[in-house]
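Understanding the architecture of this molecule
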Amino acid sequence: MLLLTALLLLPLAAEPIRVQITTGGHPYDLSFYGIFEGQGDLAITVNPHPSAYRRDLRKFVDVLVLYNLADTEGESERKNLRAFLESGRGMVVLHHAIADNWQWKWWYEEVVGGRFLMDQDGAMRRSTARNNEVMAVRPVAKHPVLEGVGAMRLDDETYKGMWISPRSRVLLETDNPTSDKAVAWISPYDKSRVVVIQLGHGPKTHRDPVYRKLVRNTILWAAGKLNDQ
Ligand SMILES: [Zn+2]
């Protein structure tokens with residue numbers, strides 16, 4: 001009886017946040033998965049292309065984490081992505097995934113609030129990437145995603161010449177000359193929480209404890225588990 005009473009007094013265990021990591025279209029180091037180690041409150045599935053968006057994501061996923069580089073061209077895949085985002089579920093766009101769907105205007109303008117140009121587009125030149133760059137990165141906003149996240153000194157791959165929406169809320173900046181100034185932002189999308197982090201090319205960044213904290217925070221916030229400020 002005593003045991004039963006004790007059990008009843010225990011708070012109900014929170015349901016884990018269902019995370020789908022989308023991969024495919026770009027190689028990456030296995031160290032990437034270390035970012036998610038030891039987080040029992042996340043139930044993580046890795047779903048690469050071409051199966052990534054084949055199902056109705058709303059039924060299985062709370063937060064999409066993108067670490068792919070692909071254009072979603074199938075009508076049903078686009079429909080599933082749209083439905084997922086319009087339902088209010090969150091998304092975290094990591095590093096090379098900023099180049100996903102770089103010609104899908106709704107995607108880069110409304111949802112991501114940024115765009116890595118894989119090629120020239122009218123007057124806009126293609127964006128550039130440069131690996132093995134030392135980057136001093138500093139927070140420039142007050143936001144739940146930055147809770148416990150201080151300045152970082154990373155050895156990472158920089159991107160330059162991206163289009164970043166003036167409506168995006170910049171979270172992190174760097175002064176590295178081979179990089180755009182903004183390296184993380186909250187997108188202007190108002191139907192769900194979308195966070196973009198340019199950083200995250202290889203093992204050095206994947207293993208950085210501050211970077212890991214940042215990614216964890218973004219997933220929790222995208223899932224609606226961190227209070228807004
Ligand atoms: Zn990279």
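Below is a summary of the structure that appears in this document. (Residues numbered from 1 in each chain as written. Predicted model: local features only at pLDDT ≥ 70, side-chain atom pairs only at ≥ 80, totals over all residues. Heavy atoms only, no water.)

Here we look at the coordination of the zinc ion
Operational definition: Donor atoms: N, O and S within 2.8 Å of the metal, or within 3.2 Å for Na, K and Ca. Because water is excluded, sites can look incomplete. Each helix is a run of DSSP H or I of at least 4 residues and each strand a run of E of at least 2, with the numbering of both proceeding from the N terminus.
The protein atoms that coordinate the zinc ion are His95 (NE2), Glu157 (OE) and His201 (ND1), at distances of 2.0 to 2.1 Å. In the primary sequence, the donor residues of the zinc ion line up as H-x61-E-x43-H. Note that Glu157 is positioned in strand 7 (residues 152-160) and His201 in the loop between strand 11 (194-197) and helix 4 (203-206), a separation of 44 residues in sequence.

Some remarks on the packing of helix 2 (residues 75-86) against helix 3 (residues 105-112)
Filter applied, for reference: Every axis in this analysis is a line fitted to C-alpha atoms, fitted for helices over the stretch in contact. Angles between the N-to-C directions lie between 0 and 180 degrees. Angles are sorted into four bins: roughly parallel if under 35 degrees, roughly antiparallel if over 145, roughly perpendicular if 65 to 115, and oblique for all others. The handedness criterion is simple: a crossing whose near helix is rotated anticlockwise from the far helix by less than a right angle is left-handed, and one whose near helix is rotated clockwise is right-handed. Residue contacts are defined here by distance: any two heavy atoms, one from each residue, within 4.5 Å place the two residues in contact.
Direction vectors running N to C along helix 2 and helix 3 enclose 15°, while the axes themselves pass 13 Å from each other. Taken together, the axes of helix 2 and helix 3 lie roughly parallel to each other. As for the relative orientation of helix 2 and helix 3, their crossing is left-handed in sense. For the pair helix 2 and helix 3, contact is made by Leu81, Arg82, Leu85 and Glu86 and by Trp106, Trp107 and Val111, respectively.

Details of the pairing of strand 9 (residues 169-174)
Note the following rule: Strand pairing is assigned whenever DSSP identifies at least 2 bridges connecting the two strands.
Of the pairings in the sheet, the one linking strand 6 (residues 128-139) to strand 9 comprises three bridges and is antiparallel in character. Across the sheet, Arg138 pairs through a bridge with Glu173, a residue of strand 9. Bridging between strand 9 and strand 10 (residues 182-186) involves four bridges; their strand directions are antiparallel. The residue of strand 10 that forms the bridge with Arg169 is Ile186.

Quick look at helix 3
Owing to its 3.6 residues per turn, the α-helix aligns residues three or four sequence positions apart on the same side. Our working definition: Residue burial is assigned from relative accessible area. The probe radius is 1.4 Å, only protein chains are included, and a residue is buried under 20% of its type maximum, exposed over 50%, and partly exposed in between.
If you check which residues of helix 3 are buried, you get Trp106, Trp107, Tyr108, Val111 and Val112. Looking one or two residues beyond helix 3, the residue adopting positive phi is Gly113, at roughly 70°.

Focus on the nonpolar core
Note the cut-off: To qualify as a nonpolar core, a set must consist of buried Ala, Val, Leu, Ile, Met, Phe, Trp, Tyr and Cys residues joined through side-chain atoms within 4.5 Å.
Counting 34 residues, the largest nonpolar core has Leu172 and Leu199 as the members making the most contacts within it. Of all the elements, helix 5 (residues 209-222) adds the most residues to this core, at seven residues.

Here's the deal with the sheet that holds strand 11
Here we have nine strands laid out as an open sheet, ordered 2-1-3-4-11-10-9-6-7, and mixed in their pairing. Because the sheet does not close on itself, it has two edges, and the strands there are strand 2 (42-46) and strand 7. Adjacent strand axes in the sheet meet at a mean angle of 25° when their direction is disregarded. Bridge count for strand 6 against strand 7 is eight bridges, and the pairing is antiparallel. The partner of Arg130 across the bridge, within strand 7, is Thr158. Helix-sheet contacts for helix 2 involve strand 3 (63-68), strand 4 (90-94) and strand 11, and the interaxial angle to strand 3 is about 135°. The sheet contacts of helix 3 involve strand 3, strand 4, strand 10 and strand 11, and relative to strand 4 the element is tilted by about 105°.

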